[in-house]
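# Inside the fold
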Amino acid sequence: MKPSTLMWTRRRLLRGMLAGGAVTVGLPIFDCLLNDNGTAFADTGAPLPTRFADWFWALGLGEEDWRPKNAGSDYELPPQLAVLKPFQKKLNLFSGSQVFLDGQSNNTHFTGVQGYMTGKVSNSGEYFNSINSTICDTIAGRTRFRSLEVVCDGDPKAGWTARASGKLPSEVSPTALYTRIFGPEFTDPNSATFVPDPQVMVRRSALSAVSDQRAALVKQLGAADRQRLDYYFTALRSLEQKLDIQLQKPEPLPACTKPDGSQIKDDGHPASLASEAMVRHNLFTLLFTHALACGQTRSVNLAITQGMSGLRREGDPTNHHTYTHEEPVDSVAGYQLHCAWFQEQYMKALHDFAAQLDAVQEGDRTLLDRTVLFAHTDHGAARLHSVHNYPFLTIGSGNGRLKTGLHVPKPGDAATRVTFTIMQAMGVPISSFGTGSNHVATPISEVLG
Amino acid sequence: MFTVGSGILAQNGFALASFQGVCHEASRADVAVQRRSGKRGHDGAGFIDCDSPRAVQTMTRTRPSRARTLTLVIGLLPAALVVQSQSVAAPAPASATDMPLALRLSPSQYRQTIADIFDPSIQMTGSFEPEVRAQGLLAIGARESNVSDSGLESYDEIARGIAAQVVDEQHRATFIGCTPQSPTAGDDACTRSFFARVGPLIYRRPLTQDELQTQVSEAAKASGKLHDYYAGVAVSLSEMLVSPNFLFRYKLTQPDPARPGQERLDGYSKVSELSYFLWNTTPDEELLKAAASGSIHTRSGLEREVNRMISSPRLEAGVRAFFSDMLGFSDFDTVSKDPSFFPRYTLNVKNDSQEQTLRTIVDQLLTRHGDYRDLFTTPHTFLTRELAVLYGVPLVDPGDNGEPQRWIAYTYPSGDPRSGILSEASFTALFSPSGRTSPTGRGKALREYVLCEKVPPPPGNVSFKFIEDISNPQFKTARARLTVHRTEPMCAGCHKLTDPIGLSLENFNSAGGYRTEENGVTIDAAGELNGKKFDGPLGLGETVHDDPAATNCVATKAFAFETGYLPPTSDPQWKQITQKFADSHYNFVELMRQIALSNLAYTVPSSAAPLSAANRQ
């Protein structure tokens, strides 16, 4: 999907609405819905919401060659990130930080992410309460979906979002995601008419009966199973809330348009080619962009693949992960040429996602400006399974919560400081994060808005 | 094969009749135990109150004929469900253990259960929440598998799809079993009879009166709101199918009279565990009766049920479910092969390869009553034409009728490089990346899936300076490339465990097709397992056949498949089970029987080894 197709300007929006005869509106619509500054809803005064997008790519950016020499705003993007040049002023690049193993083994492609996403490194392989879910719970508000999770290579277990109950499964099919968000249960917030669906009403009532089963079950179970039961009922409450929302007329959202479902044809089959995964990526991010603009969620999570990426180029039997270990560093270029090709694809995808978000104007800012898009990876230098010198990126300021345009080198520092800083910026009420050597209590103040 | 209307419900033999017996027989068994212990019945909602006048009245009735069952269900319903509401029961203590015991229903169990309650023709659309593999089995991971927001959304979608089919015009006469007084309004009597029949099959125990009334009331409310009787029933049914009482198999306990101070599974938990172990589905009428009467707690009662189940054709479903789990077949969901390299590896072939192995297993273990170890060497298998094309096997189909998916029994000729399930694409393709083989991956899989041995993960900050480009003329084969790993001290420890196994399968490419060369160099398929050297896949099969770890592994996993946790291997009962397995010449059905008859499977451990890696990628 080309970014230009997402440029739903005010003129285009109005043209679409009027041509469809959905509702008759007086001009200008934005002035009706937003305050004079375009920063809040006019009727309630509520600020336009902040969103969060978590974005994972596999196998890093290389070794030392990607780290800019200069800190601050006066730095040159490395070749691996050159495609992000249009967004340099809107992004931050964090370099140099690491995950401390504290005597635990480095479970490759996992432990590093476990460390900076959950704050805890352990051999047991546990992965709970990742920062993206914590942020989601902080900013979710009243939306149909607490969060949306997708993976682009067909593996629903490859995502990195986890609550106390464990990892959340990811959707692998753009078609299924489209149906889930924009299928029959979607209510256009800009529609003039609204009639509650009686089917939804009776389903909501029936779910209440399920809720009533809790007390009887709790009495029979041990502590561990009672906790699991709580997780179930937390999910049930989310489902009930989703139906509750569907029974109420949504607030108008001028930037909301429903994507064309006829263009979303992908069943989520296993993808082994990078080109397949990239096409799917852009379908997912297109849907994410529409979902965020339409108030369906405020938190989205995407992983291109698992850390040990099996993606390949057409005609080449060797996959990215194998190349990271088998390909020699090119003596002239100074990096692994095949691996660089994959990194280039991933960063192009990141650019496209940012461009999609930036194409949506919401009042005085773009959707990207109201979002923090956090991009992260599993290894510093994948060739070495390194947990040092992690490349992290944020794009977007999250409604001004982050300063942008900076390269922030933190050589030897805990990578958890980056994620702690992002959590604080997103309003998560915590004063410290992480355990052992990964414990941090002070954020990276230079990027806090 | 099942046909429309062939499920338990459609057979119409499971309804009120069962629960008249349930109540009657339970009155002197479970109730006594429960009263002594001060614990509740299985449903946690109260004792089975057979002293109720209405219950006694019902108990004196003789079992109705199948033809009369429906009428009686309606007429005698209050007595049919004599489990009292929770308000009358004493507070129940929580489980004796704090380890997770509840097992989330697997997609396979969910599908089989719905097919058996209703009909195999019921379509289930939507994706199930992914399973978690722990300690080598999804069945163990089920103990820490939870339900997420999106997972419950999916369950809700699947449930609504099932319910809509149950009440549609094609099925409603069979499944609902009565005609409402009005098609546009609720009919409590008709609804009650329906849920009185399906409820126990869904919850795997009798419903309490409150539970049944809730289903009836919700259906009535919805029918009224939607002006459609059947739509109302569908809403209420779908609610049951998203209930934790359905999605989780709870292991409820009661004091074990034979072992004072210790707990055992209660009757309904026990028959549920048995049923999913041996049949991969919900307990049938006889099992629920055995639970209700308490006979399942007696040696003779347990033997009667186990022998009945093992002699049933449904045993095949249990065997298939177990080996699908043990051999990691759920991972096929994410397998793809590059069609430009492997044009013969189609979606049909991917599915057929799993079916080939399952047919081979069923043939060897159930039909031939053969030795488990021979699975690794048997020349007997089954092929479709597409699979034969992948393998390069000249398959002759004497009954060729143009059906490419037709299964044909096939025996590899002497000297053929294929023999045993390790040479099949269900193993060689499953554990290979999409473009190239991975001897390390295959070797690791064999260690972990077949021999129950854990291979440590690779170290961090490892030097790969000795690894060279595949284009390097010195490293054209996987063996040449991996030799570097096995000579580099940091890597050698683990690669010596995995690579010599996987290299013996290098004659099979990433898709499972046969080859003799890689990049123009003849493949050397010499291998080694635990010090024993051999050559090629036939040698590997024979070596695994003779390795005691293989039989220990399958026994361990079979026990864990039933219980959700590994067996206490130092327990004399466990040693007895494995000894009888050996004495039977490793007859797998005998192993299942011994596990099912053992007290070990129904004794709740106070602790179990913590689950590991269950929430990892």
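Structure first, text after, so check above.
Throughout what follows, the structure given in this document is the object of discussion. Only a predicted model underlies this, so the values are computations on that prediction, with no experimental measurement involved. (Residues numbered from 1 in each chain as written. Chains lettered and ligands numbered in written order. Predicted model: local features only at pLDDT ≥ 70, side-chain atom pairs only at ≥ 80, totals over all residues. Heavy atoms only, no water.)

## Description of the sheet that holds strand S11 (residues 407-409) of chain A
Residues and elements named next belong to chain A. An order of S3-S6-S1-S9-S10-S2-S11 is seen for the 7 strands of this open sheet, with the pairing classed as mixed. Unpaired on one side and paired on the other, strand S3 (148-151) and S11 mark the two borders of the sheet. Each adjacent strand pair in this sheet contributes to an overall mean axis angle of 15 degrees, direction not counted. Taken together, the 6 bridges between strand S1 (residues 51-56) and strand S9 (residues 371-376) define a ladder with parallel strand orientation. Note that in S9 the partner of Ala53 across the bridge is Leu373. On the sheet, helix H3 (residues 111-118) packs against S1, S9 and strand S10 (390-395) and is oriented at approximately 45 degrees with respect to S10. (Pairing = 2+ DSSP bridges. Helix = DSSP H or I, 4+ residues; strand = E, 2+ residues; numbered from the N terminus. Axes fitted to C-alpha atoms, helices over the stretch in contact; angles between N-to-C directions. Contact = heavy atoms within 4.5 Å.)

## Some thoughts on helix H27 (residues 572-583) of chain B
Residue and element names in this part refer to chain B. Here H27 is 12 residues long and its end C-alpha atoms lie 16 Å apart, about the 16 Å a rise of 1.5 Å per residue gives. Within H27 the residues assigned to the buried category are Trp574, Ile577 and Phe581. Axial view of H27: buried residues confined to an arc of 60 degrees, hence all on one face. Opposite the buried face of H27, by more than 90 degrees, sit the exposed residues Pro572 and Asp583. Residues of H27 that are buried make contact with helix H26 (548-563) and helix H28 (588-597). Sitting at the head of H27, Asp571 places a side-chain oxygen 2.7 Å from the backbone nitrogen of Gln573. Looking one or two places after H27, you find His585, whose phi comes out positive at around 60 degrees. (Expected span 1.5 Å × (residues − 1). Buried < 20%, exposed > 50% of the residue type's maximum accessible area, 1.4 Å probe, protein only. Arc of directions from axis to C-beta. Polar contact = N/O pair within 3.5 Å; in protein donor to acceptor, adjacent residues only side chain to side chain.)

## Remarks on the nonpolar core
Counting 101 residues, the largest nonpolar core has Leu274, Leu278, Phe323, Tyr372, Val544 and Phe588 of chain B as its most contacted members. With 9 residues, the single largest contributor to this core is H26 of chain B. Core analysis: the next-biggest nonpolar cluster, separate from the first, contains 62 residues, Ala274, Phe284, Phe288 and Leu292 of chain A among them. (Core = buried A, V, L, I, M, F, W, Y, C linked by side-chain atoms within 4.5 Å.)

## Quick look at the interface of chain B and chain A
Chain B puts 80 residues into the contact, and the matching count from chain A is 78 residues. Summing both partners gives a buried area of about 6,200 Å² for chain B against chain A, and 54% of it is carried by carbon and sulfur. Applying the counting criterion to the chain B and chain A interface returns 7 salt bridges. Here Arg312 of chain A makes a salt bridge to Asp338 of chain B, at a shortest N to O gap of 2.7 Å. Where chain B meets chain A, there are 23 residue pairs in polar contact (both at pLDDT 80 or more). For the side of chain B that touches chain A, the secondary structure elements donating two or more residues are helix H9 (149-166), helix H12 (209-226), helix H13 (229-242) and helix H14 (244-247) of chain B. Of the residues belonging to the side of chain B that touches chain A, the class tally is 32 nonpolar, 23 polar and 25 charged. (Buried area = accessible area lost by both parts, 1.4 Å probe. Salt bridge = Lys/Arg side-chain N within 4 Å of Asp/Glu carboxyl O. Nonpolar A, V, L, I, M, F, W, Y, C, P; charged D, E, K, R; others polar.)

## Considerations on the packing of aromatic side chains
The full count for this structure, using the stated rule, is 37 aromatic pairs over all chains. With a centroid separation of 5.4 Å and 65 degrees between ring planes, the pair formed by Tyr127 of chain A and Trp160 of chain A is classed as edge-to-face. Remark: Trp160 of chain A occurs in the loop between S3 and strand S4 (162-163) and Tyr127 of chain A occurs in the loop between H3 and helix H4 (131-139); sequence separation between them is 33 residues. An identical accessibility class is assigned to Tyr127 of chain A and Trp160 of chain A; each is buried. Consider the rings of Phe581 of chain B and Tyr586 of chain B, whose centres lie 5.0 Å apart with planes at 90 degrees: the pair is edge-to-face. There is no split in this pair, since Phe581 of chain B and Tyr586 of chain B are both buried. Cluster of aromatic residues (ring-pair linked, three or more members): Phe322, Phe323, Tyr372, Phe376, Phe561 and Phe588 of chain B. Cation over ring: Lys270 of chain B sits above Tyr602 of chain B, and NZ or CZ is 4.7 Å from the ring centre. Positioned over the ring face of Trp279 of chain B is Arg314 of chain B, at 5.2 Å from the centre of the ring. (Phe/Tyr/Trp six-rings, centres within 6.5 Å; stacked < 30°, edge-to-face > 60°. Lys NZ or Arg CZ within 6 Å of the ring centre and 35° of its normal.)

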